[in-house]
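Chain and residue survey
Each chain is listed here by its residues.
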Amino acid sequence: MSQVPFSKSLISLGIVALTSVAAAPVLAKQQAAPAMPASEFIEKFNQDVLPVVDEAGAAQWIRATYLTQDTAVIAAKASERYQAFLSEAVNKAKSYQGQKLDDDTARALNLLLLSTAMPAPSDPDKRAELSRIATDMEGIYGAGEYCLEDGTCMQLQEIEAILASSRDYDKLLELWRGWREVAVPIRPKYERFVELVNEGANEFGYPDLAQMWKSGYDMSVSDFEQQTAKLWQQVEPLYEELHCYVRGELSEEYGKDKVDPEGTIPAHLLGNMWAQTWNNIYDLVEPYPEHSIPDVTPVLVERDYDAREMTEIAEEFFVSIGFPELPETFWQRSMLEKPRDRDVVCHASAWDLNGGQDPRIKQCVEPTAEQLSTLHHELGHIYYYIFYKDLPALYRTGAHDGFHEAIGDTIVLSMTPEHLYKKGLIKALPTGDQAKINQQMQMALEKIAFLPFGKMMDEWRWQVFSGKTKAEDYNKAWWELRERYQGISPADKRGENYFDPGAKYHIPGNTPYIRYFLSFIIQFQFHQALCDAAGHKGELSDCSIYGNKEAGERLGKVLAMGASRPWTEAMFELTGQKEMDGSALIEYFAPLRAWLKQQNKDRQCGW
Ligand code: X8Z
Ligand code: ZN
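These notes cover the structure that comes with them.

Here is what the cut-offs are and how they apply
- Residues numbered from 1 in each chain as written.
- Chains lettered and ligands numbered in written order.
- Predicted model: local features only at pLDDT ≥ 70, side-chain atom pairs only at ≥ 80, totals over all residues.
- Heavy atoms only, no water.
- Helix = DSSP H or I, 4+ residues; strand = E, 2+ residues; numbered from the N terminus.
- Rg over C-alpha atoms; globule rule 2.2 N^0.38 Å.
- Buried < 20%, exposed > 50% of the residue type's maximum accessible area, 1.4 Å probe, protein only.
- Contact = heavy atoms within 4.5 Å.
- Areas by Shrake-Rupley, 256 points an atom, 1.4 Å probe, with all protein chains shown as cover.
- Donors = N, O, S within 2.8 Å, 3.2 Å for Na, K, Ca; no water.
- Tetrahedral: all angles 85-135°; square planar, octahedral: opposite > 155°, others 65-115°.
- Disulfide = S-S within 2.5 Å.
- Near = heavy atom within 4 Å.
- Polar contact = N/O pair within 3.5 Å; in protein donor to acceptor, adjacent residues only side chain to side chain.
- Nonpolar A, V, L, I, M, F, W, Y, C, P; charged D, E, K, R; others polar.

Along its length, the protein carries 25 helices and six strands. Since a compact globule built from 607 residues should have a radius of gyration of about 25 Å, the 23 Å found for the protein is in line with a globular shape. In the protein, which comprises 607 residues, the share counted as buried stands at 61%. Looking at the protein alone, contacts between residues at least 24 apart form 79% of all its contacts between residues at least 6 apart. Accessible surface computed for the protein: about 22,300 Å², of which carbon and sulfur atoms make up 48%.

Looking now at the coordination of the zinc ion (ligand 2). Every protein donor of the zinc ion (ligand 2) is listed here as H377 (NE2), H381 (NE2) and E405 (OE), and their distances to the metal cover 2.0 to 2.1 Å. Around the zinc ion (ligand 2) sit four donor atoms, and with donor-metal-donor angles ranging over 89 to 129 degrees the site reads as tetrahedral. Every donor residue of the zinc ion (ligand 2) comes from the same chain, spaced as H-x3-H-x23-E. Taken as a pair, H377 in helix α15 (residues 369-388) and E405 in helix α16 (residues 401-413) lie far apart in primary sequence, 28 residues in all. On the accessibility criterion, E405 (0% relative accessible area) is buried.

One pass over the structure, following the stated rule, counts four disulfides. With its sulfur 2.0 Å from that of its partner, C147 forms a disulfide with C153. Residues C147 and C153 share a disulfide whose torsion about the S-S bond is about 105 degrees; that sign makes it right-handed. Judged by its relative accessible area of 35%, C147 is partly exposed.

Q276, H347, K504, H506 and Y513 are the nearest of the 13 residues found near ligand 1. H347 is positioned with one of its side-chain polar atoms (N or O) 2.6 Å from an oxygen atom of ligand 1. K504 has a polar side-chain atom sitting 2.7 Å from an oxygen atom of ligand 1. Coverage of ligand 1 by the protein chains reaches 88% of its 370 Å² of free accessible surface. Per-element accounting of the shell around ligand 1 gives the leading share, three residues, to α15. Per-class residue counts for the shell around ligand 1 are five nonpolar, five polar and three charged.

And the structure:
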């Protein structure tokens, strides 16, 4: 449904749609006879939900951009009201169970039962407790800081900047550990959170919240599990090659005593707080230093680009493929800079406020290449909101949530060195095979490195929500998955006195994560299809759809469908395929893969 799906806040509010229809959930109790025909009920819901969501959205926006005691009270209350509205609607929706319904009504009813990532129990006290916990967890994360011995305190973005640039093993470790202190008080809240959302999921008709989250993909839960496992199998060998090569280079940089050339990689050495992307250590692993691709960051700094100008760079790409300019209210109401006088939730998000009329982003923009990519990512969400704003509320969401995440990233895949050079964002354009490998390495550190992280995050939550992982094993289960999927380990013991999952925004923010894993795969499918539509010949990694109206039209059609049809139809519309598939990604990285194999031939890969 509309609102703020892809913001963390609204998600934690539970306003965000999980998208798509799955097999109808098993509903526990037989309900009283419905008061009106199902189609009428859906129509009424689509109307009545709008003011409730507008109010919750406004409260969440103020909360996320102004973290105080008072905004916590207001946001939690508004969330409660929304949850109460939803519980009542869910209860009514269940009364249509067993009726023969037309496809469209059945789909909408199912979407209603999936319309929140945070189903609340209908008991008013528990509902209030849940709202408060969710608001608090996000607030703790948002206001989190780590103070050095000399008394200087740093917030996450400052710490992240050092993690990206420092090569001092001990300093990196101190900051890595320091940030994780922030999550310790979140742990007891999360334990209670799990109990409450599972109770809520039951009332929505699902055995637990894991099953509910996995039901949002127009297929059975077990089919979904199989599909994601299959996608991972497709890309895992490529990840292993990258892991092997990077581990070897890090072992040379830090020494074999610090990085075992045949073991896991210490989690604090990969240039990112969660080791989810590795592009910040590109300089340590650059294949051909004499053919360096210039970095966009220095140009942004030199030209003194402000947050608005950076956002305009992203907007201009979308406009070039025929998309509309952003509305004036977007510029007036978005939060593009970190305020200096108060705490905010800096984690970037896109908000669909006031019934599609008021899209905004919230991002603490800094002049870096990474932030420029994130701006494109967020605008991908914004254009989705704009394109589907006239659909009924229940259909105002992505074909599935991975689609929503993939739009902006698909555009970033078109920001090839040649494109950046033409735009003056880099000052030289190295060519030839070696420059190509450098470029692919940069992309792989961003896209391939992410895949196991994208998969393991929800693997952990699925275990937690299903009860397989008990509260006393939260950290143990977390590090087992980190090791198994990513091949990384903490440098010291991380016992149950810590809560390391809580140091990643989407856990306290309760944003489902498998969507990003799916996105990182299907964005290559989308890129390939749009490049075909644009008539691109040659290697996929050299294609840019900049300025191409055919590609824009193809993409716009899918955005305008929202969730009105099963995602397989949207996929077909865009790519001519009916499934999610890693082949386009594999094709994209073919040159690098051959190179990595060669580099690793004398290495023992795996861990
Ligand atoms: O959370 C985000 C976006 C907002 S939907 C900035 N992303 C994930 C993350 O930061 O962990 C984008 C990629 C993965
Ligand atoms: Zn996103």
